Amino acid sequence: MNDQITVFINGEEKSYMDGTSYLAAAKEYQKQYAHDIVLATVDGKLKELNKRMANGERITFVTVADPMGFSAYRRSMILLLLKAIRQVGGEEQADRVWIHFAVSEGLYVTLRGQKGVTAKFLHEVKAAMKELVKRDIVISKEAVDTDKAIALFGRLGMEDKEKLFHYRMASKVNTYSLDGFCDYFYGYMVPGSGYLKYFELYPWDEGFVLQIPTREQPETVPPFAPEPKLFAIQKESMEWSELMEVTTAGDLNERVVTGKISDLILIQEALQEKKIAQIASEIAADPKKKLIMIAGPSSSGKTTFSHRLAIQLAVSGIKPHPIPMDNYFVDREKTPRDENGNYDFERVDALDIELFNQNMSDLLAGKEVELPEFDFRLGKRKYTGNRLQLGEKDVLVIEGIHALNDQLSHSLPRENKFKIYISALTQLNIDEHNRIPTTDGRLLRRIIRDARTRGTSAKNTIAMWPSVRRGEEQYIFPNQEEADVMFNSALIYELAVLKTYAQPLLFGIERTAPEYVEAKRLLKFLDYFVAIPGESIPQNSLLREFIGGGCFGV
């Protein structure tokens, strides 16, 4: 007879037969949750539901509406897609699938060596996916010796995984199987295919998009709404990495260990300088462009970009004047508040929009203007004699999260504006089926910079990151397609550099902290990269804004 075990679920004491899985308990508790339970947090550690409970554990459940649960859903959906493609097109077809970057609310997918996919193919793949969902097949996990995994993926034609594991220190790797199809995935999975009910496939460009729900509405697949400008800059970065033959972590590691990384660093830095010079030339070619408006999400490198753009503008005979948007905050008592009653400095109406428009209009008209400064200690605007009058070759460089929002500059002529969107759009994959979310690179940048310049712990930066992301979703991303140009600030080699700086900060988070789960995930992620010393990075690199030692003093 099996023994009884006692566990605590959401603080409630429960008894189960020894050997009972978390999944069995999740099904019992599902009615208490608005969304599907897909993972469990056990004594502060994330676990998959197919594992067995142990006596005395304290368990809470994770749904698809939680960040970790949603990531597991998206990851598992890729496995479902790969299995269906193999079923429709054969083993050879599945080996050619490449998961790229985000498009709309989905992922851009191509088949290597193939330009486009047919409607018939997508229809058959979708039907195969639906059938697999209906069958509710268990997603099984197996720990495999690293050497055996290298041999396995070599036989399966997944060269990128084969190369990746050559640089892994761990003796074992976890593989996942769905109905006989085996693959490697970075991160946890849902228990079975029956959880993967919500998706759509759309033909797009040279491939297609696997569209899935959002975390906010995990049971609804939103309409397909691609953003052409953003897609173009992401595809350009992808094609450049293919040209450099550095598309995965394994490719980058190979460059490091063979002593060929210095050339790659110099080429990547030269490419960014060329792009900045091209933007400056475009501005200089149109004398009407007087308001250079720069926006982008957190840790995109906006400050260093602005410095480097100013240098290139000077080369073209243009004199830039920075206009800090923070100086246009309304007085503290007029600041709008959020739903919790706290000051909301992220909203556009936290700025004195009318004063900003009046000042900019007067400057465009050739008038001399005394510009405000904001005293953050007093929470009030003040004037200290900072006067400005624009000459023929002068431009204003306006950087802020609302810079691309026309509500901020509603009265200013469009012909005088030049809008730039900057973001760190990671062009590197872990391997052909495991993409790197752009937010991971920005979060690592932010952790390092906050610790260096503000004395903020990695724990606190991780804790505030969801709030930062909400502000980006609300105020920055909706306006990104308004940009005249987009600039990708991600450096193909940077994760190998950030590893050295981020690891000790992440290891400093105690295991009992709520942020430890995310820290552990990031540490595992960084383990894929062979480190590059920071000393090899040029002083004017965008990366210096985060690791320090740059020539711009930021």
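Here the structure is a predicted model, which means the values were calculated and not measured. (Residues numbered from 1 in each chain as written. Predicted model: local features only at pLDDT ≥ 70, side-chain atom pairs only at ≥ 80, totals over all residues. Heavy atoms only, no water.)

### Some details on the overall build of the protein chain
In terms of helices and strands, the protein chain carries 16 helices and 23 strands. Relative to the globule expectation of 24 Å for 554 residues, the C-alpha radius of gyration of the protein chain, 25 Å, shows essentially globular dimensions. Along the three orthogonal principal directions, the C-alpha set of the protein chain runs to about 90 × 50 × 45 Å. Counting every position in the protein chain, which comprises 554 residues, the buried fraction comes to 54%. Taking the contacts inside the protein chain whose residues are at least 6 apart along the sequence as the reference set, 72% of them involve residues at least 24 apart. If you sum the accessible surface of the protein chain, you get close to 24000 Å²; carbon and sulfur atoms cover 50% of it. Once the 71 positive and 78 negative side-chain charges of the protein chain are each reduced to a mean point, those two points are 1 Å apart. (Helix = DSSP H or I, 4+ residues; strand = E, 2+ residues; numbered from the N terminus. Rg over C-alpha atoms; globule rule 2.2 N^0.38 Å. Buried < 20%, exposed > 50% of the residue type's maximum accessible area, 1.4 Å probe, protein only. Contact = heavy atoms within 4.5 Å. Areas by Shrake-Rupley, 256 points an atom, 1.4 Å probe, with all protein chains shown as cover. Lys, Arg positive; Asp, Glu negative; His and termini not counted. Charge placed at Lys NZ, Arg CZ, Asp CG, Glu CD.)

### Some words on the pairing of strand S19 (residues 394-399)
On any regular strand, side chains alternate: one points to one face of the sheet, the next to the other face. Within S19, five of the six residues are buried, which leaves it mostly tucked inside the rest of the structure. Two strands pair when backbone bridges link them, and strand S13 (residues 291-295) and S19 are joined in this way by four bridges, in the parallel orientation. Residue pairing in the sheet places Met-293 in a bridge with Ile-398 of S19. Sheet topology places strand S14 (residues 319-324) next to S19; six bridges connect them, and they run parallel. The partner of His-321 across the bridge, within S19, is Leu-396. (Pairing = 2+ DSSP bridges.)

### Notes on the environment of Arg-452
Inspection of the secondary structure assignment puts Arg-452 in helix H12 (residues 438-454). The class for Arg-452 is partly exposed, based on a relative accessible area of 36%. Excluding residues that lie within four positions of it along the chain, Arg-452 makes contacts with Arg-544, Glu-545, Phe-546, Ile-547, Gly-548 and Val-554. A polar atom in the side chain of Arg-452 sits 3.1 Å from the backbone oxygen of Phe-546. (Polar contact = N/O pair within 3.5 Å; in protein donor to acceptor, adjacent residues only side chain to side chain.)

### Re the confidence of the model for the protein chain
Residue-level pLDDT values for the protein chain average 94, and 99% of them are 70 or greater. Across the protein chain, helix H14 (residues 494-507) holds the top mean pLDDT of 98, while helix H3 (residues 91-94) sits lowest at 69. (pLDDT = per-residue confidence, 0-100.)

### A closer look at helix H11 (residues 353-364)
Taking 1.5 Å as the rise per residue, H11 with 12 residues should run 16 Å; its terminal C-alpha atoms sit 16 Å apart, in good agreement. The complete set of buried residues in H11 reads Ile-353, Leu-355, Phe-356, Asn-357, Asn-359, Met-360, Asp-362 and Leu-363. In the core, the buried residues of H11 are packed alongside S13, S14, strand S15 (369-370), strand S17 (380-382), strand S18 (387-388) and S19. Immediately beyond the C-terminal end of H11, within one or two residues, lies Gly-366, with a positive phi of roughly 90 degrees. (Expected span 1.5 Å × (residues − 1).)

### What to know about the side chain of Asn-357
Its place among the elements puts Asn-357 in helix H11. Its relative accessible area of 2% is what places Asn-357 among the buried residues. At a separation of 2.8 Å, a polar atom in the side chain of Asn-357 contacts the side chain of Ser-411. If we ignore the near neighbours within four places in the chain, the residues touching Asn-357 are Leu-408, Ser-409, His-410, Ser-411 and Leu-412.

### Observations concerning the nonpolar core
In this structure, Phe-61, Leu-81, Met-129, Tyr-493, Leu-506, Phe-525 and Phe-529 are the most contacted members of the largest nonpolar core, which totals 117 residues. Of the residues forming this core, the biggest block, 11 residues, is contributed by helix H2 (residues 67-89). Excluding anything up to four places from it in sequence, Met-129 contacts Met-77, Leu-80, Leu-81, Ala-84, Phe-199, Leu-201 and Leu-210. (Core = buried A, V, L, I, M, F, W, Y, C linked by side-chain atoms within 4.5 Å.)

### Section: the packing of aromatic side chains
Enumeration over the complete set of coordinates arrives at 20 aromatic pairs. The interplanar angle of 45 degrees and the centroid separation of 6.0 Å between the aromatic rings of Tyr-343 and Phe-345 together place this pair among those described as tilted. An aromatic cluster is defined as three or more aromatic residues linked by ring pairs; in this entry it consists of Phe-101, Tyr-108, Tyr-202, Trp-204, Phe-224 and Phe-231. Here Lys-130 stacks its cationic end above the ring of Phe-199, 4.7 Å away from the centre of that ring. (Phe/Tyr/Trp six-rings, centres within 6.5 Å; stacked < 30°, edge-to-face > 60°. Lys NZ or Arg CZ within 6 Å of the ring centre and 35° of its normal.)

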